[in-house]
Amino acid sequence: MFDVGKIKKSTIIEKPWECVLIENYLEVKEAIHLSKKIQSEFDWHEDNHPDMKGCVKISDDCENFEHFASKDFCKELCTKLGYQLPEKYLVNQTNTWHIQGASLPPHTDMHCLNNVNKDNNENYTMCVTYQLYLPDTSDFPHTGLWMHDLVNDADDWRPKTKQLPCLPGVFFAYANTDKSYHSVPKQEESFNRVSHMGRIYW
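Note that the structure is a prediction, hence the values are computed from the model and not measured.

### Considerations on the overall build of the protein
Working step 1: When you go through the protein residue by residue, the secondary structure sums to four helices and 12 strands.
Working step 2: The C-alpha radius of gyration of the protein comes to 16 Å, within 12% of the 17 Å expected for a compact globule of 202 residues.
Working step 3: C-alpha extents for the protein along the principal axes are approximately 45 × 40 × 35 Å.
Working step 4: Going through the 202 residues of the protein one by one, you find that 51% of them count as buried.
Working step 5: Of the contacts made within the protein by residues no fewer than 6 positions apart, 77% connect residues no fewer than 24 positions apart.
Working step 6: Of the roughly 10,200 Å² of accessible surface on the protein, a fraction of 46% belongs to carbon and sulfur atoms.

### Examining the environment of Tyr-124
Working step 1: Topologically, Tyr-124 is positioned in the loop between helix H4 (110-120) and strand E7 (127-133).
Working step 2: With 57 residues separating them in the primary sequence, Tyr-124 and His-67 have C-alpha atoms 22 Å apart.
Working step 3: Setting aside anything within four residues of it in sequence, one finds Tyr-124 in contact with Lys-88, Tyr-89, Leu-90, Leu-113, Val-116, Asn-117, Tyr-201 and Trp-202.

### Concerning the pairing of strand E12 (residues 193-201)
Working step 1: Extensive coverage of E12 is indicated by the burial of nine of its nine residues.
Working step 2: By the alternation rule, side chains of E12 split into Arg-193, Ser-195, Met-197, Arg-199 and Tyr-201 and Val-194, His-196, Gly-198 and Ile-200, which are all buried.
Working step 3: As paired elements, strand E5 (residues 90-98) and E12 share nine bridges and run antiparallel to each other. Bridge pairing in E12 links Thr-94 to Met-197.
Working step 4: Relative to E12, E7 is paired through seven bridges, and the arrangement is antiparallel. Along E12, the bridge assignment pairs Tyr-130 with Gly-198.

### With respect to the sheet that holds strand E9 (residues 160-163)
Working step 1: Taken in spatial order, the four strands of this open sheet run E6-E11-E8-E9, and their pairing is antiparallel. For this open sheet the edge positions go to strand E6 (104-107) and E9, each flanked by a neighbour on one side alone. When the angles between neighbouring strand axes are averaged without regard to direction, this sheet yields 25°.
Working step 2: Where E6 meets strand E11 (residues 182-184), two bridges bridge the pair, whose relative direction is antiparallel. Across the sheet, residue Leu-104 finds its bridge partner in E11, namely Val-184.

### Re the side chain of Gln-187
Working step 1: The topology assignment puts Gln-187 in the loop between E11 and E12.
Working step 2: Dropping the residues within four chain positions of it, Gln-187 is found in contact with His-98, Ile-99, Gln-100, Gly-101, Ala-102 and Arg-193.

### With respect to the environment of Asp-139
Working step 1: Within the element layout of this structure, Asp-139 appears in the loop between E7 and strand E8 (146-148).
Working step 2: For Asp-139, a relative accessible area of 56% puts it in the exposed group.

### Digging into the packing of aromatic side chains
For any two aromatic rings, the description comes down to two numbers: the centre-to-centre distance and the angle of the planes.
Working step 1: The tally for this structure, following the rule as stated, stands at 20 aromatic pairs.
Working step 2: On the numbers, 4.8 Å between centres and 65° between planes, the contact of Phe-2 with Phe-68 is edge-to-face. A residue pair is termed long-range when its members are at least 10 positions apart, and Phe-2 in the segment before helix H1 (5-9) and Phe-68 in the loop between strand E4 (56-59) and helix H3 (71-80) qualify at 66 residues.
Working step 3: Taking the relative accessible area as the measure of exposure, Phe-2 reaches 15% and is therefore buried.
Working step 4: Over the ring of Trp-97 we find Lys-57; its NZ or CZ atom is 3.8 Å from the centre of that ring.

Conventions and cut-offs
Residues numbered from 1 in each chain as written. Predicted model: local features only at pLDDT ≥ 70, side-chain atom pairs only at ≥ 80, totals over all residues. Heavy atoms only, no water. Helix = DSSP H or I, 4+ residues; strand = E, 2+ residues; numbered from the N terminus. Rg over C-alpha atoms; globule rule 2.2 N^0.38 Å. Buried < 20%, exposed > 50% of the residue type's maximum accessible area, 1.4 Å probe, protein only. Contact = heavy atoms within 4.5 Å. Areas by Shrake-Rupley, 256 points an atom, 1.4 Å probe, with all protein chains shown as cover. Pairing = 2+ DSSP bridges. Axes fitted to C-alpha atoms, helices over the stretch in contact; angles between N-to-C directions. Phe/Tyr/Trp six-rings, centres within 6.5 Å; stacked < 30°, edge-to-face > 60°. Lys NZ or Arg CZ within 6 Å of the ring centre and 35° of its normal.

Structural measurements only, silent on function.
Structural data, given as structure tokens:
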């Protein structure tokens, strides 16, 4: 289903920070079919984090997504981003389901690194986040993640500069740093904004 070779051939967005973007990691029809399959078959529960506003469900089921925990995938992705994956690393996977009203304010994923170290008594220093968009429609590309820049402006020091399209089969990934601020715009429309995502720690 998934072809790691697409990572090798992919391009990297360089600004405002480096991000791998592949617009067809899955073909649209295949992605929509997978979206509907996991909506009906996975065990979903509400994300109780206050930022989620009761509009997000999550599932830790990994069936169909074993590819993203494979060494070939992790090594190829880290290499593309300019890093060498060591022998010891950890992959965490999850699935999210956003409905109307969902949004996320500007943030980095650096807190995930701290949480994983605390939970596992580890001292990982690097974290790569990946996400595969699996909405069950192609009608709302404007609901994708916004990348933010960091500028010396007291009124708007994290301006939105580039948006990634929320389309079935779109894949993106980035190394987490103090600069990798991103946000999710408020979902005004009623549709199932499903994603598979994960993080690689070392």
